[in-house]
Amino acid sequence: MWGSRAFLAGWLLLLLVQLLCLEAVPISIDKTKVKEPEKKPEEPPASVDTGLHYDRYLREVIDFLEKDQHFREKLHNTDMEDIKQGKLAKELDFVSHHVRTKLDELKRQEVNRLRTLIKAKQDLEGGNDIAVDHQALLKQFEYLNHMNPHTFEVEDLDRLIRSATKDLENYDKERHEEFKRYEMMKEHDRREHLKTLDDEERKKEEEHYEEMKKKHADHPKVNHPGSQNQLKEVWEEADGLDPEDFDPKTFFNLHDTNGDGFFDEQELEALFTKELEKIYDPTNEEDDMVEMEEERLRMREHVMNEVDSNKDRLVSLDEFLVATKKKEFLEPDSWETLEQNQAYTDDEMREFEEHLAQQEQDLNQKAFDLQKQRDELERQQEQLNAQKMELQQAVEHMERLKSQKVDPPPEVLEIPAVERHHPVPEGHDPALQEHHPVPEGHDPALQEHHPVPEGHDPISVLVTVIPSLHNEITQ
């Protein structure tokens, strides 16, 4: 769930209090009628995947800091502003030697991981022979001090807190952009599909589309998220309590599933399940579950903006009680759902389709260029095969002439005309290697490349040349 990733943002502002993932109690259970289960030894819950590219490093650092008693005590006694200003990070100097040593090891492993990623990216971009300046490239990773790759210091913890907090605060914005692209792609695919249909089929498809839109919009009224009516409905239908007995403090305690005195983002989102079930049903063709999660995110953001007065991405009991006394809680405006708020504008859709068209054009051009290169390579291969065949035929012809003791025609001597020197037959003057008169009746042009020693059979000379040349080409 997207909210479970954003959940860690609240923990970062409290640093470690809220790190561990909470298993929310299903809100459809009547908690007043559930018997207390027998207590079992507590097991550490699974950690939340924040979605950050340095998620593993972040959680490993957190896990080891939690093991230090001094740091845990300071954590619980440090207020929000001190954490934001980096005062908690300075407590790193007082943690145990064992924890510091482990943090040093974690940092070295993370730096090595980043260097490996940088090298892999360089290789993919074709820069295998280019020297990589790791120090310069490591600057882009702001969550650690790259100038000191060996030890985990106060600055490293401060950087980690600030970077993770900033990155997680941008999470919702990135999710909205991702959803917008999803919606535009869905509309683009629909339009492209219509182009493939004839007039009659296109008309039927358009009518079906409008019917599904109308059917999706036909749902019970959705209460304003976080309003008295919305919470009373949860109180009655999920908790099994009389709406006339609704009490904000009791409600808060019932749905603070981990009992830490705060509503985190996950606990808030659980409160909206009943409202979302009014709009979305996974068995209905007209209902898109991706849109349901976007609606959940919108509801949670709205309540946080209204109730979370100190902007720590957590709702305390005091903040909740103050909000229940406001006019917006008692007499809220109607809530506009996604079908009433299109995720994109007409201009954005036009730009999106132009971008897709350009991408398709670029891909087609690349495909054309690659096919052209392939055709050229195949043509060159055919030429090489033809040359290889000709040479093999020449060698076979020369071997037949040698076996028959027949002088080869002049044109045969011209076949292996390659500038190279060959050993002089045994028992002859090496000086003959460079200059020898051309036998009468032979082409003088051969003088430069393969002179035939006077008094010797030209076939014998060619037999020593052609096989070596044949071997080179076949290899």
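The structure presented is a predicted model; accordingly, all values stated were derived computationally and were not measured.

Asks: How should I be thinking about the overall build of the chain in this particular structure?
Replies: Looking only at helices and strands, the chain features 19 helices and two strands. Relative to its 475 residues, the chain shows a buried fraction of 38%. Long-range pairs, those at least 24 residues apart, make up 69% of the contacts in the chain between residues at least 6 apart in sequence. For the chain, the accessible surface area stands at approximately 29300 Å², while carbon and sulfur atoms represent 49% of it.

Asks: How should I be thinking about the packing of helix H8 (residues 171-195) against helix H14 (residues 289-307) in this particular structure?
Replies: Relative placement of two packed helices is described by the angle separating their axes and the distance separating the axes. Here H8 crosses H14 at 150°, and the two axes come no closer than 11 Å. One finds that H8 runs roughly antiparallel with respect to H14. With respect to the hand of their crossing, H8 and H14 are arranged in left-handed fashion. Residues Asp 172, Arg 175, His 176, Phe 179, Tyr 182, Glu 183 and Lys 186 of H8 touch H14, and the partners they reach there are Val 290, Glu 291, Glu 294, Leu 297, Arg 298, Arg 300 and Glu 301. Class assignment of the residues belonging to the contact of H8 with H14 gives a composition of four nonpolar, one polar and nine charged.

Asks: What's the story with the packing of aromatic side chains in this structure? I'm lost.
Replies: Any aromatic ring pair is given by two values, namely how distant the centres are and how the planes are angled relative to each other. Scanning all chains against the criterion turns up ten aromatic pairs. Judged by centre distance (4.1 Å) and plane angle (15°), the ring pair of Tyr 54 and Tyr 143 falls under stacked. Within this pair, whereas Tyr 54 is found in the loop between helix H1 (2-13) and helix H2 (55-66), its partner Tyr 143 is found in the loop between helix H6 (134-137) and helix H7 (154-169), the two being separated by 89 residues in sequence. As far as burial versus exposure is concerned, Tyr 54 and Tyr 143 are alike and both buried.

Asks: Explain the confidence of the model for the chain here, please?
Replies: Taken residue by residue, the chain gives an average pLDDT of 79. The fraction at 70 or more is 71%. Segment residues 13-37 is flagged for pLDDT under 50; beyond a separation of four residues in sequence, or across chains, it makes 72 contacts in the model. Segment residues 444-450: pLDDT under 50, and 18 contacts once partners within four positions in sequence are set aside and those in other chains are kept.

Asks: Help me out: how do you make sense of the nonpolar core in this one?
Replies: For soluble globular proteins, the rule of thumb is that nonpolar side chains tend to be buried together. If you look at the biggest cluster of nonpolar residues, it comprises 31 residues, and the most contacted ones within it are Tyr 57, Val 61, Leu 103, Tyr 143 and Leu 157. Looking at this core, the elements that each hand over two or more residues are H2, helix H3 (69-76), helix H5 (97-124) and H7. The contact partners of Leu 157, leaving out residues within four places of it in the chain, are Leu 65, Phe 71, Ala 89, Leu 92 and Phe 152. Core analysis: the next-biggest nonpolar cluster, separate from the first, contains 30 residues, Leu 231, Ile 279, Val 307 and Leu 317 among them.

Asks: Please clarify how the environment of Asp 198 should be interpreted in this entry.
Replies: Inspection of the secondary structure puts Asp 198 in the loop between H8 and helix H9 (199-217). On the accessibility criterion, Asp 198 (42% relative accessible area) is partly exposed. Of the polar contacts made by the side chain of Asp 198, one reaches the backbone nitrogen of Glu 200; its length is 3.2 Å.

Asks: Please explain H5 as it appears in this structure.
Replies: Taking 1.5 Å of rise per residue, the 28 residues of H5 would be expected to cover 40 Å, and the 41 Å separating its terminal C-alpha atoms lies within 8% of that figure. For H5, the set of buried residues is Val 99, Arg 100, Leu 103, Asp 104, Leu 106, Lys 107, Glu 110, Val 111, Leu 114, Ile 118 and Gln 122.

Asks: What is the right way to look at a negative patch on the surface in this model?
Replies: A contiguous patch of negative charge on the surface is contributed by Glu 236, Glu 237, Asp 242, Glu 244 and Asp 245. The residue Glu 237 is located in helix H10 (residues 228-237) in this model.

Asks: Can you help me understand the environment of Val 61 in this one?
Replies: With respect to the helices, strands and loops of the structure, Val 61 is situated in helix H2. Residue classification places Val 61 among the buried residues on the basis of a relative accessible area of 1%. Measuring from C-alpha to C-alpha, the distance between Val 61 and Leu 103 comes to 6.5 Å, with 42 residues separating the pair along the chain. With residues up to four places along the chain from it excluded, the contact list for Val 61 reads Leu 103, Leu 106, Phe 152 and Leu 160.

Asks: Mind showing me how you'd approach the packing of H10 against helix H11 (residues 248-255) here?
Replies: For the pair H10 and H11, interaxial distance at closest approach is 11 Å and the crossing angle is 65°. Taken as a pair, H10 and H11 cross one another with a handedness that is left-handed. Of the residues in H11, those touching H10 at Leu 231, Val 234 and Trp 235 are Thr 250, Phe 251, Leu 254 and His 255. Class assignment for the residues of the contact of H10 with H11 results in five nonpolar, two polar and no charged.

Asks: Explanation requested: the side chain of Thr 324 in the structure shown.
Replies: With respect to the element layout, Thr 324 can be found in the loop between helix H15 (317-323) and helix H16 (327-330). Residue Thr 324 is classed as buried on the basis of its relative accessible area of 10%. A polar contact is formed between the side chain of Thr 324 and the backbone oxygen of Leu 321, at a distance of 2.6 Å. The residues touching Thr 324, leaving out its near neighbours within four places in the chain, are Pro 248, Phe 329 and Leu 330.

Asks: In this structure, what is going on with the pattern of salt bridges? I would like to understand it.
Replies: It is possible for side chains bearing opposite charge to pair when their charged atoms get close. A full pass over the atoms with the stated rule returns 35 salt bridges. A network of salt bridges, in which partner residues are shared, links Asp 172, Glu 265, Glu 269, Arg 300 and Arg 313.

Asks: Would you mind showing me how to read the environment of Met 299 here?
Replies: On the secondary structure map, Met 299 appears in helix H14. A relative accessible area of 0% means that Met 299 is categorised as buried. Taking the C-alpha atoms as reference points, Met 299 and Gly 226, separated by 73 residues in sequence, lie 8.3 Å from one another. Leave out the neighbours within four places in its chain, and Met 299 touches Val 222, Pro 225, Phe 272, Glu 275, Leu 276 and Trp 335.

Definitions and cut-offs
- Residues numbered from 1 in each chain as written.
- Predicted model: local features only at pLDDT ≥ 70, side-chain atom pairs only at ≥ 80, totals over all residues.
- Heavy atoms only, no water.
- Helix = DSSP H or I, 4+ residues; strand = E, 2+ residues; numbered from the N terminus.
- Buried < 20%, exposed > 50% of the residue type's maximum accessible area, 1.4 Å probe, protein only.
- Contact = heavy atoms within 4.5 Å.
- Areas by Shrake-Rupley, 256 points an atom, 1.4 Å probe, with all protein chains shown as cover.
- Axes fitted to C-alpha atoms, helices over the stretch in contact; angles between N-to-C directions.
- Parallel < 35°, antiparallel > 145°, perpendicular 65-115°, else oblique.
- Left-handed = near helix turned anticlockwise from the far one by under 90°.
- Nonpolar A, V, L, I, M, F, W, Y, C, P; charged D, E, K, R; others polar.
- Phe/Tyr/Trp six-rings, centres within 6.5 Å; stacked < 30°, edge-to-face > 60°.
- pLDDT = per-residue confidence, 0-100.
- Core = buried A, V, L, I, M, F, W, Y, C linked by side-chain atoms within 4.5 Å.
- Polar contact = N/O pair within 3.5 Å; in protein donor to acceptor, adjacent residues only side chain to side chain.
- Expected span 1.5 Å × (residues − 1).
- Patch = residues over 30% accessible without salt bridge, like charges linked within 9 Å, V, L, I, M, F, W, Y side chains within 5 Å.
- Salt bridge = Lys/Arg side-chain N within 4 Å of Asp/Glu carboxyl O.
- Lys, Arg positive; Asp, Glu negative; His and termini not counted.
- Charge placed at Lys NZ, Arg CZ, Asp CG, Glu CD.

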